[in-house]
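If you want the building blocks of each chain, they are given just below.
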Amino acid sequence: MKTISSSAGDELRSLNGDMLSDGDKKRFAKDIITSLAALTCLAAGKIYTKVFPEQDVIAGIIYFVGVAIIGVPIAITAIKGFIKQDISASMETLVFVAVAVCVLDGEYTVAILIPIILTVVHFLEEKSIMGGREALDGLKKMQSKTAIKLVNGAEVEVDAKSLVPGDMIAVKPGAALSVDGTVVSGATNMDQKSLTGESLPKETGVGDTVYAGTVNIDGEIKVRVEKAYSDTSFSKIVELLENAENMTMPETRIVDRFMVYYIPMALIIATLVWLFTKDISKAVAVLVVSCPCGYMLVSSAPVIAALAASSKRGILIKKPSFIERLAETDYFVFDKTGTVTGGTLEAVGVHLTAAESEDELITAAATVANGSLHPTSRSILKLADGRLDEGYNVTEEVGRGVRGKKDGSEIILGSRRFLMSEGFEVTDEFEADGACSWVAKDGKLLGCIVFRDIPRPEAAEALKELKSLGIVENCMLTGDNSVAAKRVGDEIGFDTVKSRLLPEQKLENVKLAKVGHTVTAVGDGINDSPALGEADVGIAMGAMGSDTAIASADIALMNNDLRNLPFLVRLCRKTKKTIYANIVIAFSISFVMIFLAAAGVISPVTGAFLHNIGAFIVLLNSGRILK
């Protein structure tokens, strides 16, 4: 993971580097041009007054042109915001009133300088955070726009968007991948930090899956394209982040409601100051320092920092609203296979009934397992090593098993309960050895394959840390038999273990847990979608390369490290606390500045510089999240 610098401001700036979107470039270019034009008018007016001191009208016209150049865009934004009741235009409203008052009082210099100073300061401010858009642009650049396509043995550089599944591409050392695919030739080490957050490269060879957004470090490989450019896991992640960009936290809505009253309050205070002091400059200063820059950042800056901190560890938070829910979580529900265990089941034995040989049993099991993504099915395919019958039409019954049919022949693979529901007499005597996958073919029970699932090495540590964070219950829900489930639960340290559950029963358990608790469910996102969707927060493990996992969960872990869970809880709690602290900081500084302006301590021009103090303190406070 990237080393955190000592300066919070520098870290926030590092989110975007020097990247600006085209829209931002045009906006800043326009601001610079209008500011320079207004300054030119101000300088011309000053010179004209020196040369022709008796011609005040001409000088006034020059000044007024400068005010119009810098002030008309602000006036348009302010009027539109007032008509639409858009809180985000509150700063322009106060500045417009301040500029108008200055013009009426003949203070053209102040009327021109205030908007210019605000423009410069806000440029620096936006350059520091940029609403996360530049971080998003930087993420997009990790997916290469071109690829080297193999055409009749020749290498041709093509637009990556033109690639279709089945195309062959060559990936040179140091090149970034543009699409998801399977390695068909060569071996290398892949840098997957952009997706998983893992600093160590992954050894990759023939048969392994490689992903868009990752980088080939050393060897040259040939890859068969599996997904089009726009359908890659990386593209899905970018799309989700783009959709999440406009989400707001509940605390921001609290600020928005307050701002409805804040703008009239600022105008009333400025009016009262003018009436009591007869000093229009004090009233203008009040309006300038009242500009709510810090309020616009109280939620956005911490959320951007939280998203940046989580993405460095390969964690995709799809919507900022889930930060609040996870911060309040006190109950965790876990799936077993592929979540708290490695998901790579090890075959420890077979038991034959009607099958004449192990080969017959394993071949039949692999024939239908070929149509399933369940970890048990993947392990059976590995055990079969290519032994399977082709042509079966396979359907999967989630949480139960798979069924394959061909020319009147039928193979069923699944749990003891599934086979019993199909009319077979199945014993439970082998379940003490591990998880049993039973196989039946053409009405005969062939036997079972016994698997044992190994807990993840960091699982016990992660659960212990969650308990230290105040999580009252860690519950494991599994479809496995009670013996295997209890063995894993005791080894890892779960408070509660519930076994032999179908997906709908897992869903009911989540619903029951939500009575009196804020529940986070953790699963592989494949057969846990109902439970993940029902929980207050759904977290999918090992989501890299799985569109289903990314789509079904609120938060997706690109890697399988369970230690990311306590990290997420701490991160979300700190983010929420930071938002509340920012609200207090922004409002406190604003009221102090208004008092100083009303007392004449701060002039209008000085106020244009100082009113951003709150915003920068909010940025610095939010930057602590990155550490």
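So, how was this worked out
- Residues numbered from 1 in each chain as written.
- Predicted model: local features only at pLDDT ≥ 70, side-chain atom pairs only at ≥ 80, totals over all residues.
- Heavy atoms only, no water.
- Buried < 20%, exposed > 50% of the residue type's maximum accessible area, 1.4 Å probe, protein only.
- Helix = DSSP H or I, 4+ residues; strand = E, 2+ residues; numbered from the N terminus.
- Pairing = 2+ DSSP bridges.
- Right-handed = clockwise from strand over helix to strand, strands pointing away.
- Axes fitted to C-alpha atoms, helices over the stretch in contact; angles between N-to-C directions.
- Parallel < 35°, antiparallel > 145°, perpendicular 65-115°, else oblique.
- Contact = heavy atoms within 4.5 Å.
- Nonpolar A, V, L, I, M, F, W, Y, C, P; charged D, E, K, R; others polar.
- Expected span 1.5 Å × (residues − 1).
- Polar contact = N/O pair within 3.5 Å; in protein donor to acceptor, adjacent residues only side chain to side chain.

Undergrad: Quick rundown of the pairing of strand 18 (residues 473-477)? Include the residues and the values.
TA: With 5 of 5 residues buried, strand 18 is to be regarded as a mostly interior element. Here strand 18 shows no split at all, with E473, C475 and L477 on one side and N474 and M476 on the other all buried. The pairing of strand 18 with strand 19 (residues 496-498) spans 3 bridges and is classified as parallel. The partner of M476 across the bridge, within strand 19, is V497. Where the polypeptide runs from strand 18 across helix 18 (residues 482-492) and back to strand 19, its parallel neighbour, the crossover connection is right-handed.

Undergrad: Tell me about the packing of helix 17 (residues 459-468) against helix 22 (residues 564-598), and please be specific about residues and values.
TA: Direction vectors running N to C along helix 17 and helix 22 enclose 25 degrees, while the axes themselves pass 8 Å from each other. Accordingly, the angle class assigned to the pair helix 17 and helix 22 is roughly parallel. On helix 22, the residues touching A462, E465 and L466 of helix 17 are L565, P566, V569 and R570. The class makeup of the residues in the contact of helix 17 with helix 22 is 5 nonpolar, no polar and 2 charged.

Undergrad: How would you explain helix 22 if you had to name every residue and give the values?
TA: With 35 residues, helix 22 extends 50 Å between its outermost C-alpha atoms, agreeing within 8% with the 51 Å of an ideal straight helix rising 1.5 Å per residue. Count one or two residues on from helix 22 and you reach G600, which has phi positive near 85 degrees.

Undergrad: Give a detailed account of the side chain of R403, specifying residues and quantitative values.
TA: Following the sequence through the fold, R403 ends up in strand 14 (residues 401-406). Polar side-chain contacts of R403 include one of 3.0 Å to the side chain of E397. In this structure the side chain of R403 is engaged in a polar contact, spanning 3.3 Å, whose partner is the side chain of E410. Once residues lying within four places of it in the same chain are set aside, the contact partners of R403 are V368, N393, V394, T395, E397, E410, I411, I412, F418 and E422.

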